[in-house]
Protein chains: 2
Amino acid sequence: MAVAGLTSPSPAYSHRTTTRLRSSSQLSLSSTHLSCRLRRSFRPRNSSITCSVNQVAPVSVQKPEPKDKSECFGVFCQTYDLWAEEETRSWKKLINIAVSGAAGMISNHLLFKLASGEVFGPDQPIALKLLGSERSIQALEGVAMELEDSLYPLLREVSIGINPYEVFEDAEWALLIGAKPRGPGLERADLLDINGQIFSEQGKALNAVASRNVKVIVVGNPCNTNALICLKNAPNIPAKNFHALTRLDENRAKCQLALKAGVFYDKVSNMTIWGNHSTTQVPDFLNARINGLPVKEVIKDHKWLEEEFTEKVQKRGGVLIQKWGRSSAASTAVSIVDAIKSLITPTPEGDWFSSGVYSNGNQYGIAEGLVFSMPCRSKGDGDYELVKDVIFDDYLLKKITKTEAELLAEKRCVAHLTGEGIAFCDLPEDTMLPGEM
Amino acid sequence: MAVAGLTSPSPAYSHRTTTRLRSSSQLSLSSTHLSCRLRRSFRPRNSSITCSVNQVAPVSVQKPEPKDKSECFGVFCQTYDLWAEEETRSWKKLINIAVSGAAGMISNHLLFKLASGEVFGPDQPIALKLLGSERSIQALEGVAMELEDSLYPLLREVSIGINPYEVFEDAEWALLIGAKPRGPGLERADLLDINGQIFSEQGKALNAVASRNVKVIVVGNPCNTNALICLKNAPNIPAKNFHALTRLDENRAKCQLALKAGVFYDKVSNMTIWGNHSTTQVPDFLNARINGLPVKEVIKDHKWLEEEFTEKVQKRGGVLIQKWGRSSAASTAVSIVDAIKSLITPTPEGDWFSSGVYSNGNQYGIAEGLVFSMPCRSKGDGDYELVKDVIFDDYLLKKITKTEAELLAEKRCVAHLTGEGIAFCDLPEDTMLPGEM
């Protein structure tokens, strides 16, 4: 790679400099050169140039790094220069996407979607920063190998590690999929504590090392309260940046309404999932529309809507396990893609999407201090606003109150993890969704 | 759906008419209407309108169909009218993509890539026709459910079945992934016979019911000879339309050369895999290029090229199984996508791709009547031509002769399935690739 000075008319748009600097920091340094990096923020597009001293150690003196270091993998350790190539010169600045539970099945679908350009577009190079555990580090290497073999041009860096303080460094997106699965005998309360510890730690790590505007999507269950714990442990990151994934529920709800109405699923819009990603969740058929009409005008069987629809949505995961023998990894990954795309693409006029977001300042009368799934719209800038024009009736309010009560109870269970005192756990029942891990 | 006559100024571009006609053919018919379908061929784009009588039976008289019928699934049984919508009016004509082994892990990655638009583009609606077995039909339903829940706008039809004569009907692409895996004690010769029977049957089915210009990609192993059996049993489909997948080998070879040369993988081009998808395959470093230069000028370690490179490519699958505990489903699916894209996108100037294709008429002196991986270029019309400007040296010729001998031996093993007399099987060794099913 050519040495490029600050005054170069065509600054080298090189990558891997940071990693190289980091990984050689404990070694005897033998050569130094200055390289520049064209910084282009994600959206809106504007440019600035920053430079770093790139100190390269000769291969012969490299020692094995401590195991908890995040390390670039294989071909992704190569230096390249996007600025030098006709095809890549017009690309956006590379973004860092951290994924936890990266050796699991949901990630195995998601990572290849991210790498293909399907999510962030054909001019957005990406770095994948994969977080695993001691137990899964070998599997993570396998995942990284398959990513190598896929030759995705947009996938420029892959690093793997088990320390969130390393892996989350400079992350602009954190997709937190990893969580302890719900083994035999484990109920929601147990999971809240076990996984709460994980998300408390990951929140601290994000707070310490991630991009100040990192967007966080929590998938690992119980995802609402995990997201709450995470955001409470990351006070320097806007609380608005944290999401709990309820998009698969939304997608399933749309599909079930389409089936009942005898229409294709693209006719269903304005679907809200309210509240918790649990059996108390509320798929909202009052505000949803089919072909632009209120659902209740299209589906006359209101008994079905009130008594069967919600259960159909919730039992979907369980039915799938019966049929397919595994939980829904592929469609969960698709729903994570949908959730990301909904934040980076302007929401179509008149429509909205659901996401579990911080409830402070909501206009619906929902208790503050929760991560609560609500209807959102985005300008496509990564941010969102809550939808104003929704209506409520007694049925919907009663259901929302129930899921709100559950989230308040979950919050009391994890007070020790959110810095709000001593935990008191009185969850009345197990509300894990069938088929959920 | 409005009834549209032949003279309608805006003909209804409706789908599911054929399926409905088929599935109601044994029922008492109660209502009839005429609908029209705008036919647009895939490439080049030209239009014609054909009409069919659409006879719709009332739901109440529907009887369960015999199990070996291919049936539309769930929401994909809905009637819709692409022509009526602003967004979908400009879409291409729907194409039928048949996938065998559709309940397996490779398909579980591939189907969602096909449905997302990543492969055929954002204006190409698709129908997925999934072939499973008696044993896997439940799992197939699970896959179809996850496809439903993914709400992909381009995915307009999903049908599942176990009879290739049903599932392959009107298929424009057939991705033949399903094959009996290589269980304990099974060697290449055993698989050739067992899977040969499957591909003989599927070739007959394609010949009977698929589009006359169906493109077939055989993934199930031993894929070259399976493809040969398939094409020999489909005399009414051009032999040139049959491919055996060697793209994962090509991708892996590119990655290994990049790693050795210390460049990013996008710098490696002109990579040929010659011959069989087995350990006799020949990753060609004589013609491959790195940054536009012959590999041997960039990688000076010719001993590595001759003695280690090929093994590195071939052992990749085995290493992956050790690390990840499963065979390479995701990267195999990516390579199938690459193989399709290479046929529907013009090959970049000066480059080529590898595919196992029928060897008749080749200019390299390779025996005729084999499915042999060779360097191909495409204009993006689904067809290909063999590359003229390749060079050979003694090393390469010797290797090619060996893989050719193996394919000739495999061909003798399956003479009973290709209509060429009595089989005589004298395969000297087991040449299954490590980690291959």
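Residues numbered from 1 in each chain as written. Chains lettered and ligands numbered in written order. Predicted model: local features only at pLDDT ≥ 70, side-chain atom pairs only at ≥ 80, totals over all residues. Heavy atoms only, no water.

Here we come to the confidence of the model for chain A. Residues and elements named next belong to chain A. Of the residues in chain A, 84% have a pLDDT of 70 or more, and the chain-wide mean is 86. Note on residues 1-13: pLDDT under 50 across the span, and 33 contacts to partners over four residues away in sequence or across chains. The low-confidence segment residues 16-66, where pLDDT is below 50, has 111 contacts with residues more than four positions distant or belonging to other chains. Taken over the whole predicted complex, pTM reads 0.87, whereas the ipTM for its chain interfaces reads 0.86. (pLDDT = per-residue confidence, 0-100. Contact = heavy atoms within 4.5 Å.)

Residues and elements named next belong to chain A. Spatially, the three strands line up as an open sheet ordered 10-13-14, and their pairing is antiparallel. Two strands lie at the open edges of the sheet, namely strand 10 (268-269) and strand 14 (293-294), each paired on one side alone. For strand 10 and strand 13 (residues 289-290), the ladder comprises two bridges, and the chain directions are antiparallel. Residue Ser269 lies in a different strand from strand 13, and its bridge partner there is Arg289. (Pairing = 2+ DSSP bridges. Helix = DSSP H or I, 4+ residues; strand = E, 2+ residues; numbered from the N terminus.)

A word on the pattern of salt bridges. Within this structure, the stated rule accounts for 40 salt bridges over all chains. For Arg156 of chain A, the salt bridge is made with Asp266 of chain B, and the minimal N-O distance between the two is 2.9 Å. In this pair, Arg156 of chain A sits in strand 6 (residues 155-161) while Asp266 of chain B sits in the loop between helix 7 (247-261) and strand 10 (268-269), so the two residues belong to two different chains. A relative accessible area of 2% places Arg156 of chain A in the buried class. Assessed through its relative accessible area of 34%, Asp266 of chain B is described here as partly exposed. (Salt bridge = Lys/Arg side-chain N within 4 Å of Asp/Glu carboxyl O. Buried < 20%, exposed > 50% of the residue type's maximum accessible area, 1.4 Å probe, protein only.)

What follows concerns the environment of Leu427 of chain A. Residue and element names in this part refer to chain A. Relative to the assigned elements, Leu427 resides in the segment after helix 12 (415-418). Between the alpha carbons of Leu427 and Asp190 there is a distance of 11 Å; along the sequence they are 237 residues apart. In contact with Leu427, other than residues within four places in its own chain, are Arg188, Ala189, Leu192, Glu406, Ala409, Glu410 and Cys413.

All names here are of chain A. Scanning the entire structure with this criterion turns up four disulfides over all chains. The disulfide that involves Cys72 links it to Cys77, with 2.1 Å between the sulfurs. One quick way to see it: the torsion about the S-S bond of Cys72 and Cys77 is about 110°, and its sign makes the bridge right-handed. The exposure class of Cys72 is partly exposed, given its relative accessible area of 23%. Judged by its relative accessible area of 22%, Cys77 falls in the partly exposed class. (Disulfide = S-S within 2.5 Å.)

This next bit is on the packing of helix 7 of chain B against helix 9 (residues 302-324) of chain B. Residue and element names in this part refer to chain B. Their axes nearest at 9 Å, the elements helix 7 and helix 9 cross at an angle of 130°. The angle between helix 7 and helix 9 places the two elements in the oblique class. For the pair helix 7 and helix 9, the sense of crossing is right-handed. Between helix 7 and helix 9, the contacting residues are Asp249, Arg252, Ala253, Gln256, Leu257 and Lys260 on the first element and Trp304, Leu305, Phe309, Lys312, Val313, Arg316 and Gly317 on the second. Among the residues making up the contact of helix 7 with helix 9, the classes are represented as six nonpolar, two polar and five charged. (Axes fitted to C-alpha atoms, helices over the stretch in contact; angles between N-to-C directions. Parallel < 35°, antiparallel > 145°, perpendicular 65-115°, else oblique. Left-handed = near helix turned anticlockwise from the far one by under 90°. Nonpolar A, V, L, I, M, F, W, Y, C, P; charged D, E, K, R; others polar.)

With that out of the way, let us pick up the packing of aromatic side chains. Applying the stated criterion to the full structure yields 22 aromatic pairs over all chains. The rings of Phe76 and Tyr80 of chain A together with Phe264 and Tyr265 of chain B are connected pair by pair, giving a single aromatic cluster. Over the ring of Tyr80 of chain B we find Arg156 of chain B, and its NZ or CZ is 5.0 Å from the ring centre. Against the face of Tyr384 of chain B rests Lys240 of chain B, its NZ or CZ located 4.8 Å from the ring centre. (Phe/Tyr/Trp six-rings, centres within 6.5 Å; stacked < 30°, edge-to-face > 60°. Lys NZ or Arg CZ within 6 Å of the ring centre and 35° of its normal.)

Attention shifts here to the pairing of strand 6 (residues 155-161) of chain B. Residues and elements named next belong to chain B. The buried fraction of strand 6 is high, at seven of seven residues. For strand 3 (residues 71-72) and strand 6, the ladder comprises two bridges, and the chain directions are antiparallel. Residue Cys72 lies in a different strand from strand 6, and its bridge partner there is Ser159. One ladder, built from six bridges, connects strand 5 (residues 126-131) with strand 6; its direction is parallel. Paired with Leu131 across the bridge in strand 6 is Gly161. Note on the crossover from strand 5 through helix 3 (residues 137-149) to strand 6: the handedness is right-handed. (Right-handed = clockwise from strand over helix to strand, strands pointing away.)

Moving on, we come to the sheet that holds strand 10 of chain B. Residues and elements named next belong to chain B. Judged by pairing direction, the sheet is antiparallel, and its three strands sit side by side in the order 10-13-14 without closing on themselves. This sheet does not close on itself; its edge strands, each paired only once, are strand 10 and strand 14 (293-294). With two bridges connecting them, strand 13 (residues 289-290) and strand 14 associate as antiparallel partners. Bridged to Arg289 within strand 14 is Pro294.

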